[in-house]
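In case you want the letters, here they are:
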Amino acid sequence: METLKEDHLMSRPLTGHGLGVEVRGVHLGGDLPDSVIETLRALWSEHAVLVVRDQQLDPPAFLRAAGIFGEILPQQLSKFSLPEYPLIGTISSRDLPVVDGKVHVRGENYHTDHSNFLEPPIGTMLHAIELPSYGGDTQFVDVRAAYDDLPEDLKPRIAGLRSTHVYESSRSPRKMAELTPEQRAATASSSQPLVIQHPTNHRPALYLNTGRMEGIEGMSEEEGYALINYLYEHATQPRYEYRHRWQAGDFVLWDNRSVMHQANADFDPAEYRYLYRLMLKGDALKGWQ
Ligand SMILES: [Fe+2]
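All values derive from a computational prediction rather than experimental measurement.

1. Observations regarding the overall build of the protein
Looking only at helices and strands, the protein features six helices and 19 strands. Relative to the globule expectation of 19 Å for 289 residues, the C-alpha radius of gyration of the protein, 19 Å, shows essentially globular dimensions. For the protein, buried positions account for 55% of its 289 residues. In the structure as shown, the protein presents an accessible area of about 13,300 Å², 50% of it carried by carbon and sulfur atoms. Computing the positive centroid from 28 side-chain charges and the negative centroid from 40, the protein places the two 1 Å apart.

2. Digging into the sheet that holds strand β13 (residues 195–197)
Pairing is antiparallel in the open sheet, where three strands are placed in the order β14-β13-β19. Since the sheet does not close on itself, it has two edges, and those belong to β14 (204–206) and β19 (286–287), each with one partner. Summarising the sheet, β13 and β14 pair through three bridges and their orientation is antiparallel. Residue pairing for β14: Gln-197 is matched across the bridge by Pro-204.

3. Quick word on the nonpolar core
Within the largest apolar cluster, 31 residues are counted, with the highest numbers of intra-cluster contacts made by Leu-28, Leu-50, Phe-69, Phe-251 and Leu-280. Considering every element that reaches this core, the biggest residue donor is helix α2 (residues 59–69), with six residues. Dropping the residues within four chain positions of it, Leu-28 is found in contact with Leu-40, Val-52, Gln-55, Leu-57, Ala-65, Ile-68 and Phe-251. Among the nonpolar cores identified, the runner-up in size contains 28 residues, and Ala-146, Tyr-207, Leu-231 and Tyr-232 belong to it.

4. A few points about unusual backbone geometry
The backbone of Ala-48 sits at a positive phi, close to 70 degrees, despite the residue not being glycine. For Ala-48, the position within the fold is in the loop between α1 (34–47) and β3 (49–52). On the basis of relative accessibility, which here comes to 0%, the residue Ala-48 falls in the buried class.

5. Describing the coordination of the iron ion
Reference values for coordination geometry: four tetrahedral donors around a metal ideally subtend 109.5 degrees, six octahedral donors ideally subtend 90 or 180 degrees. In the first shell of the iron ion, the protein supplies His-111 (NE2), Asp-113 (OD) and His-261 (NE2), at 2.2 Å from the metal. Mapped onto the sequence, the donors of the iron ion take the spacing H-x1-D-x147-H. Here the residue Asp-113 occupies a position in the loop between β8 (102–103) and β9 (123–130), and His-261 occupies one in strand β17 (residues 259–263), the gap between them amounting to 148 residues.

6. Some remarks on the environment of Ala-42
As for its position among the elements, Ala-42 is in helix α1. Considered as a pair, Ala-42 and His-127 are 85 residues apart in the sequence and their alpha carbons are 20 Å apart.

7. Observations concerning α2
Those residues of α2 that sit buried are Pro-59, Ala-61, Phe-62, Ala-65, Ala-66, Ile-68 and Phe-69. The buried residues of α2 occupy one face: seen down the axis, they fall within an arc of 160 degrees.

8. Looking at the sheet that holds β17
Backbone-to-backbone hydrogen bonds pair the strands of a sheet. The strands run either parallel or antiparallel. Pairing is antiparallel in the open sheet, where three strands are placed in the order β15-β10-β17. Bordering the open sheet on either side are β15 (241–244) and β17, each of which pairs with just one other strand. Pairs of neighbouring strands in the sheet enclose a mean axial angle of 20 degrees, with direction left out of account. Note that strand β10 (residues 138–142) and β15 share four bridges and pair antiparallel. Paired with Gln-139 across the bridge in β15 is Arg-243.

9. Section: the pattern of salt bridges
Counting across every chain of the model gives 17 salt bridges. Across the pair Asp-142 and Arg-144 runs a salt bridge, and its minimum N-O distance is 3.1 Å. Each member of the pair, Asp-142 together with Arg-144, is buried. Between Asp-149 and Arg-239 there is a salt bridge, and its shortest N-O distance comes to 3.5 Å. With a gap of 90 residues between them, Asp-149 in the loop between α3 (143–148) and α4 (155–158) and Arg-239 in the loop between α6 (221–235) and β15 connect regions that are remote in the sequence. Note on Arg-239: relative accessible area 46%, which makes it partly exposed. By sharing partners, the salt bridges in this structure join Arg-12, Glu-22, Arg-24, Arg-53, Asp-54 and Asp-250 into a single network.

10. Notes on the environment of His-234
Mapped onto the elements of the fold, His-234 is located in helix α6. For the pair His-234 and Ser-45, spaced 189 residues apart in the sequence, the C-alpha separation amounts to 23 Å. Contact partners of His-234, with chain neighbours within four places excluded, come to Ala-146, Asp-149, Leu-150, Arg-239 and Tyr-240.

11. Brief notes about the side chain of Thr-124
Here Thr-124 shows up in strand β9. At a separation of 3.0 Å, a polar atom in the side chain of Thr-124 contacts the side chain of Asn-256. Excluding residues that lie within four positions of it along the chain, Thr-124 makes contacts with Asp-113, Val-252, Leu-253, Trp-254, Asn-256, Arg-277, Leu-278 and Met-279.

Rules of the game
Residues numbered from 1 in each chain as written. Predicted model: local features only at pLDDT ≥ 70, side-chain atom pairs only at ≥ 80, totals over all residues. Heavy atoms only, no water. Helix = DSSP H or I, 4+ residues; strand = E, 2+ residues; numbered from the N terminus. Rg over C-alpha atoms; globule rule 2.2 N^0.38 Å. Buried < 20%, exposed > 50% of the residue type's maximum accessible area, 1.4 Å probe, protein only. Areas by Shrake-Rupley, 256 points an atom, 1.4 Å probe, with all protein chains shown as cover. Lys, Arg positive; Asp, Glu negative; His and termini not counted. Charge placed at Lys NZ, Arg CZ, Asp CG, Glu CD. Pairing = 2+ DSSP bridges. Core = buried A, V, L, I, M, F, W, Y, C linked by side-chain atoms within 4.5 Å. Contact = heavy atoms within 4.5 Å. Donors = N, O, S within 2.8 Å, 3.2 Å for Na, K, Ca; no water. Arc of directions from axis to C-beta. Axes fitted to C-alpha atoms, helices over the stretch in contact; angles between N-to-C directions. Salt bridge = Lys/Arg side-chain N within 4 Å of Asp/Glu carboxyl O. Polar contact = N/O pair within 3.5 Å; in protein donor to acceptor, adjacent residues only side chain to side chain.

Structure representation (structure tokens):
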């Protein structure tokens with residue numbers, strides 16, 4: 001395996017508001033010095049979306065790259081896994097239904113992954129293997145900055161609130177993957193804080209997922225959804241956004257406690273789009289006091 005010295009690593013911010021960082025000059029599947037690993041972890045913690053360019057990661061290398069940042073979460077939907085590497089999921093345009101000439105992607109609408117788990121994954125990793133000639137961007141919004149900008153009198157009023165996250169909310173704006181009755185019975189529901197504190201950088205952040213939040217605990221349905229919708233509209237403004245336009249070889253890792261993300265189905269369904277995907281195990285979320 002190739003070893004690169006730290007001085008080969010180059011990074012630059014991807015927005016003027018702190019969300020997203022681009023890294024070049026490292027081979028994530030190689031044997032990296034501790035100093036490079038420390039730098040990558042610190043950049044990810046600060047910027048929440050880590051984009052490493054020009055990677056050609058085969059499945060074992062993709063798994064090694066995951067190990068830099070955490071422990072791998074087994075795949076929930078095994079039908080999308082690589083048969084020889086079941087820890088690696090895939091996103092393929094060939095798995096997607098086409099409705100009225102437009103592909104139907106999983107993950108449209110801003111969300112944070114698996115928020116119905118008691119211990120949601122800390123991060124999600126994608127690696128582009130094949131890309132269409134246009135479209136298919138992934139968008140991110142910074143829910144730390146969105147929290148910081150809330151009216152000061154609102155912050156203490158929402159600090160202790162919680163929401164029950166279920167597999168598919170009764171008001172979900174998107175359709176979740178169909179589950180068998182057995183899978184559905186085994187699906188978790190969890191009470192999560194509305195404002196969380198990041199375990200490593202300690203920043204507060206909004207924790208929102210309109211596809212899974214079943215109102216706000218202790219509030220009427222009307223009042224709870226009005227608050228959720230207000231916070232969601234606020235947090236998804238373009239000023240909190242980084243829009244990732246995929247390039248061949250991109251490796252992208254985002255922090256599910258610092259951003260929401262959404263997929264776009266605006267590519268030609270006749271073209272091939274194929275990415276590796278995996279998630280990193282998490283801990284129970286800590287509420288912001
Ligand atoms: Fe997602």
